[in-house]
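Understanding the architecture of this molecule
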Amino acid sequence: MESTASKFSTPQRQSRVAIGIILIKFIRLTVRSFWPILLSYFVGGRNNDTFGAIIGYVAIGFAALNLAGSVLTYFRFYFYLEDGAIVIDKGILKRTKTNIPFERIQTINFKQNILHQMFGVVSLEIDTAGAKKSELTIDALKKEDAEALRHFILSEKEQIVTKESASDDEAVETVEEVETVILHLTVPDLFKVGVSQNHLKSMGLLFAFVFSILNEITEDIPELVADELSTYNSEILNTGWVIFLLTSILVIIISFIYSLITTLLSNYDLKLSIKKSGLKLVKGLLNREETSVNKKKVQIISWSDNPIRMLFKMFTLQIEQASSAEADQLKSKIRVPGSYQSQVDSVIRTVFPAEFYRQEVKNPVSILLKYRLIAFLGVLPTLAGLATFYFIEWQALYFLIWGAFIWLMTSIYYRKRSFEVNDELLKNNRGTFGHHYELTQLYKIQAVEVKQSWYQRRKQLATLSLYTAAGSVKIPFIGLEQAESLENFILYTIESDKREWM
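First, a word on scope: everything that follows refers to the structure included in this document. Nothing here was measured: the structure is a model prediction, and the numbers come from that model.

Looking at the sheet that holds strand S19 (residues 461-468)
- What the three strands build is an open sheet, ordered S18-S19-S20; its pairing is antiparallel. A single partner strand is all that each edge strand has here, and the edge strands are strand S18 (447-451) and strand S20 (471-479). Strand-to-strand, the axes of this sheet are offset by a mean angle of 20 degrees, without reference to chain direction.
- Bridging between S18 and S19 involves five bridges; their strand directions are antiparallel. Bridge pairing in S19 links Val-448 to Leu-466.

Structure representation (structure tokens):
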């Protein structure tokens, strides 16, 4: 059987399915770029507008050139392996040759849309540390070839890294990786996730769309509804409120259904696997995606819930790995919209040292944080509202409800705001309507900063900020002495720990 190295040692073309995929990509690009011109063409053509028609023909001609270029792109694209690197040779008028050494490759991910799945091919994306987007993309490759190519590249990369760190007398042994699925979202799980999603964004968009459409169609809708409901008592039935109520109910129903459908499509058959080198997430129905993160480069693991997910005992799990400031942050994360505590614990114990993942003493933040939040968010707005008593009289007392609400929410937030630390890990706890937990490994922290506002200086308080290659973790309003002690401890851990993670 031909080995992967010899098979890909000569220039290879993509699967022929790539022609159709490249065509679709160019069509989408053309429509996205020239839809105003195309719209003016149709409007101009309908009104016998010669100038509009000319613009339209120019746009169509440009689209045709793009389509022809997409076909040529397929025939002028080659890839192969050479001297511990993958080489891409592409271009129509201007040829470019990209050489990516195996050791620079960070992740190799797969994607599949409907066309990919129909023909059993995948889109292969190779990311390198610091690249803002995928440095190399092969639009269509047979799945078995893509898997063999990925396995060979990552195995070679591991051997190169191992040889560099090992002595000359030590032998390097390649161990076959075994994947273990620790999380699988079933249809009932997806239903729970869809029900507990944040529907406010989709509701807002739908409200804006529906009311703008109603306003564009006619300005006489209230009168039309009033005619239809003329048999009812006009003193009891207010037509405007009826329209608003019915539209609101319709928008809520549609946004709820929309969330369920999008959740099912984007997370269908979601599986999170653990292997020696890291984690792999596979999900999606129409667009199948496969994302991997390197276990050593994981910086922050966070999990959170909301009131509805608390009923289901589920969390949103997010795993963030190191990336440069210019890199696409979305490619550095694995996000699982629904997981149970046992599954979260399994991930943490796999990525971080299991013996250090334990319950520690919770260190609360200063109660002055609670008082300041109540003062600025509750007391001041309430007093400003009561000051309107002269204008709105007794209705101004309703502002007292706001003050009571802020006091309640701030009290809940303060009870949850704490942090835990041991020799290896730091856990940041917060939340108001739900819970949010962040866990990071101390020796992977890149910078520590102690900040003080003018108020904190007076009260001998500080805010501790921890910066990692995947983001920052902040602990506000702790004692200055405690913040400085924690800063010194973390800096000492960073300097004295010899483990490599980049």
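Digging into unusual backbone geometry
- A positive phi angle, near 55 degrees, is found at Lys-313, a position not held by glycine.
- Relative to the helices and strands, Lys-313 is located in the loop between helix H10 (307-312) and strand S12 (315-321).
- Backbone geometry at Gln-460 places phi at a positive 55 degrees, although glycine is not the residue there.
- Relative to the assigned elements, Gln-460 resides in the loop between helix H15 (454-459) and S19.

Details of helix H12 (residues 367-386)
- Along its 20 residues, H12 runs 27 Å from first to last C-alpha, staying within 8% of the 28 Å computed at 1.5 Å per residue.
- Approximately 40 degrees is the largest bend angle found in H12, and it occurs at Ala-375.
- For H12, every residue scored as buried is listed here: Leu-369, Lys-370, Ile-374, Gly-378, Thr-382 and Gly-385.
- Buried-residue contacts for H12 involve helix H13 (389-392), helix H14 (399-416) and S20.

Focus on the side chain of Gln-112
- Along the chain, the position of Gln-112 falls in strand S4 (residues 105-112).
- A residue is classified by how much of its surface remains accessible, and Gln-112, at 12% relative accessible area, is buried.
- Contacts of Gln-112, omitting those with residues within four sequence positions, involve Gln-117, Val-121, Val-122, Lys-143, Leu-286, Asn-287 and Arg-288.

Quick look at the environment of Ile-126
- Among the structural elements, Ile-126 can be located in strand S5 (residues 121-128).
- Note on Ile-126: relative accessible area 0%, which makes it buried.
- Along the chain, Ile-126 and Phe-110 lie 16 residues apart, while their C-alpha atoms are 9.0 Å from each other.

About the thresholds
- Each chain has its residues counted from 1, running along the sequence as written.
- Restriction of local features to residues with pLDDT of at least 70 applies here, the model being predicted, together with a cutoff of 80 or more for giving and counting side-chain atom pairs; totals for whole chains, interfaces and linings are based on all residues.
- To get the side-chain values, take all heavy atoms of the structure and skip hydrogens and water.
- In this description, strands pair whenever DSSP reports at least two bridges between them.
- Only DSSP runs of H or I with at least four residues qualify as helices, and only runs of E with at least two residues qualify as strands; both kinds are numbered from the N terminus onward.
- With axes taken as lines fitted to C-alpha atoms, and helix axes fitted only over the stretch in contact, angles between N-to-C directions fall between 0 and 180 degrees.
- Each helix should span, by expectation, one fewer than its residue count multiplied by 1.5 Å.
- By definition, a residue's bend is the angle between the axes fitted to the seven residues ending there and the seven starting there.
- Burial classes: relative accessible area under 20% of the type maximum marks a residue as buried, over 50% as exposed, and values in between as partly exposed (1.4 Å probe, protein chains only).
- Working rule for contacts: check all heavy atoms of both residues, and any pair within 4.5 Å makes them a contact.

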